[in-house]
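# Coordinate inspection notes
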Amino acid sequence: DAGVTQTPRHEVAEKGQTIILKCEPVSGHNDLFWYRQTKIQGLELLSYFRSKSLMEDGGAFKDRFKAEMLNSSFSTLKIQPTEPKDSAVYLCASSLTGVETLYFGSGTRLTVL
Amino acid sequence: AQSVTQPDARVTVSEGASLQLRCKYSYFGTPYLFWYVQYPRQGLQLLLKYYPGDPVVQGVNGFEAEFSKSNSSFHLRKASVHWSDWAVYFCAADSGYNKLTFGKGTVLLVSP
């Protein structure tokens with residue numbers, strides 16, 4: 001079975017640009033999570049979908065971050081406009097249900113100049 | 001506030017020696033607890049998980065963890081470390097609302 005696929009692996013953006021990160025969850029999984037990983041803050045939840053419905057929109061990340069799940073096999077995370085402080089690794093994870101067992105993608109490393 | 005603390009940012013262990021990585025949680029009640037591992041340039045992988053029951057939980061690759069309610073701890077152990085265990089280890093907790101709170105991680109370095 002294919003795991004969680006994230007593209008691109010690396011993204012470099014200029015400040016103010018719009019970037020879109022992509023995630024394909026494990027086939028058949030109902031739940032999808034977006035996390036941001038930095039050395040200072042660790043892993044922070046950005047968004048949580050259950051059966052394509054947005055359950056958690058990440059509170060402090062709402063203004064410039066928007067995650068969407070267009071169908072059960074594809075999700076995007078848009079950051080608009082990007083700022084240097086957004087430089088981080090963005091991880092996508094999926095599960096059959098809830099957080100019992102999360103399957104993570106390898107992440108997208110975003111650098112904002 | 002609910003939190004997970006991993007007090008050691010970095011731990012160095014000789015290959016073949018035993019290992020303990022510490023994790024403390026601060027939650028009302030008893031959360032579900034997890035240990036994940038992240039190898040270089042990869043996503044996180046589940047090592048083991050604890051639901052209320054037997055306090056010692058067995059995981060993959062010889063890892064185990066022990067839950068202690070009195071100490072609010074969930075330490076990870078391994079009897080004999082291998083060089084391939086070199087990675088970052090994350091402790092996490094779920095209070096039942098499908099929101100995992102992760103610790104900051106512990107980097108495990110394995111010396112020959």
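Here goes a summary of the coordinates provided. Just so it is clear, the model here is predicted, and its values are computed rather than measured. Throughout this document, residue positions are counted from 1 along each chain, in the order its sequence is written. Following the order in which they are written, the chains are lettered starting with A and the ligands numbered starting with 1. Totals for whole chains, interfaces and linings use all residues, but because this is a predicted model, local features are given only for residues with pLDDT of at least 70 and pairs of side-chain atoms are given and counted only at 80 or more. Side-chain calculation: all heavy atoms of the structure are included, whereas hydrogens and water are not.

### A few points about the sheet that holds strand β8 (residues 74–79) of chain A
All names here are of chain A. Where we set the bar: DSSP-based pairing: two strands are paired if at least 2 bridges between them are found. For helices the rule is a DSSP run of H or I covering at least 4 residues; for strands it is a run of E covering at least 2, with both sets numbered from the N terminus onward. To get an axis, a line is fitted to the C-alpha atoms, and for a helix only the part in contact is used. The angle between two axes follows their N-to-C directions and goes from 0 to 180 degrees.
The strand order across the open sheet formed by 4 strands is β1-β3-β8-β7, and the pairing between neighbours is antiparallel. Both edges of this open sheet fall to β1 (5–7) and β7 (65–71), since each of them pairs with a single strand only. In this sheet, adjacent strand axes meet at a mean angle of 20° when their direction is disregarded. Direction of pairing for strand β3 (residues 19–24) relative to β8: antiparallel, over a ladder of 5 bridges. Residue pairing in the sheet places K22 in a bridge with T76 of β8.

### Let's talk about the nonpolar core
Generally speaking, soluble globular proteins have nonpolar side chains that are buried together. Residue and element names in this part refer to chain B. Here is the rule: Residues enter a nonpolar core if they are buried and are Ala, Val, Leu, Ile, Met, Phe, Trp, Tyr or Cys, with the set joined through side-chain atoms within 4.5 Å. Classification of residues uses two cut-offs on accessible area relative to the type maximum, computed with a 1.4 Å probe and protein chains only: under 20% is buried, over 50% is exposed, and between them is partly exposed. Every residue pair with non-hydrogen atoms within 4.5 Å of one another is taken to be in contact.
In terms of nonpolar packing, the biggest core is built from 28 residues, with L19, W35, L47, L48, F74, L76 and Y89 touching the most fellow members. Going through the elements one at a time, β2 (10–14), β3 (19–21), β5 (32–38), β6 (44–50), β8 (63–68), β9 (73–78), β10 (87–94) and β12 (106–111) are the ones with two or more residues in this core. Among the elements that take part in this core, β10 stands out by supplying 4 residues, more than any other. Each residue touching L48, except ones within four places of it in the same chain, is listed here: L33, F34, W35, V57, Q58, G59, F63, E64, A65, F74 and L76.

### Things to note about the interface of chain A and chain B
Applicable threshold: Buried area: the sum, over both parts, of the accessible surface (1.4 Å probe) that disappears when the two are put together. We count a salt bridge whenever a side-chain nitrogen from Lys or Arg sits within 4 Å of a carboxyl oxygen from Asp or Glu. Polar contact is defined as a pair of N or O atoms within 3.5 Å, subject to the rule that within protein one atom must be able to donate a hydrogen and the other to accept it, and that residues adjacent in sequence are counted only when both atoms are side-chain atoms. Three residue categories are used. Nonpolar comprises Ala, Val, Leu, Ile, Met, Phe, Trp, Tyr, Cys and Pro, charged comprises Asp, Glu, Lys and Arg, and polar comprises the others, including Gly.
Each side of the interface is counted separately: chain A has 21 residues, and chain B has 17 residues. Between chain A and chain B lies a buried interface of about 1500 Å² when both sides are counted; carbon and sulfur atoms form 54% of it. For the salt bridge of K49(B) with E100(A), the shortest nitrogen-to-oxygen distance reads 3.3 Å. At the surface where chain A touches chain B, the tally comes to 7 residue pairs in polar contact (both at pLDDT 80 or more). For the side of chain A that touches chain B, the secondary-structure elements that each account for two or more residues are β4 (31–38) and β5 (42–50) of chain A. For the side of chain A that touches chain B, the leading source of residues is β5(A), giving 5 residues. Classifying every residue of the side of chain A that touches chain B by side-chain character gives 10 nonpolar, 7 polar and 4 charged.

### Let's talk about the environment of I79(A)
Residue and element names in this part refer to chain A. By the element assignment, I79 lies in strand β8. Along the sequence, I79 and G58 sit 21 residues apart, while their C-alpha atoms lie 13 Å from each other. Ignoring anything within four residues of it in the chain, the contact list for I79 reads Q17, T18, I19, R64, F65, D86, Y90 and L110.

### Here we look at the pairing of strand β11 (residues 108–112) of chain A
Residue and element names in this part refer to chain A. Along β11, the buried face is formed by T108, L110 and V112; none of R109 and T111, which line the opposite face, is buried. The pairing of strand β2 (residues 10–13) with β11 spans 4 bridges and is parallel. For A13, the partnering residue across the bridge sits in β11 and is V112. Here strand β9 (residues 88–95) pairs with β11 via 3 bridges, running antiparallel. Looking across to β11, one finds that A88 is bridged to L110.

The analysis is restricted to geometry; functional conclusions fall outside its scope.
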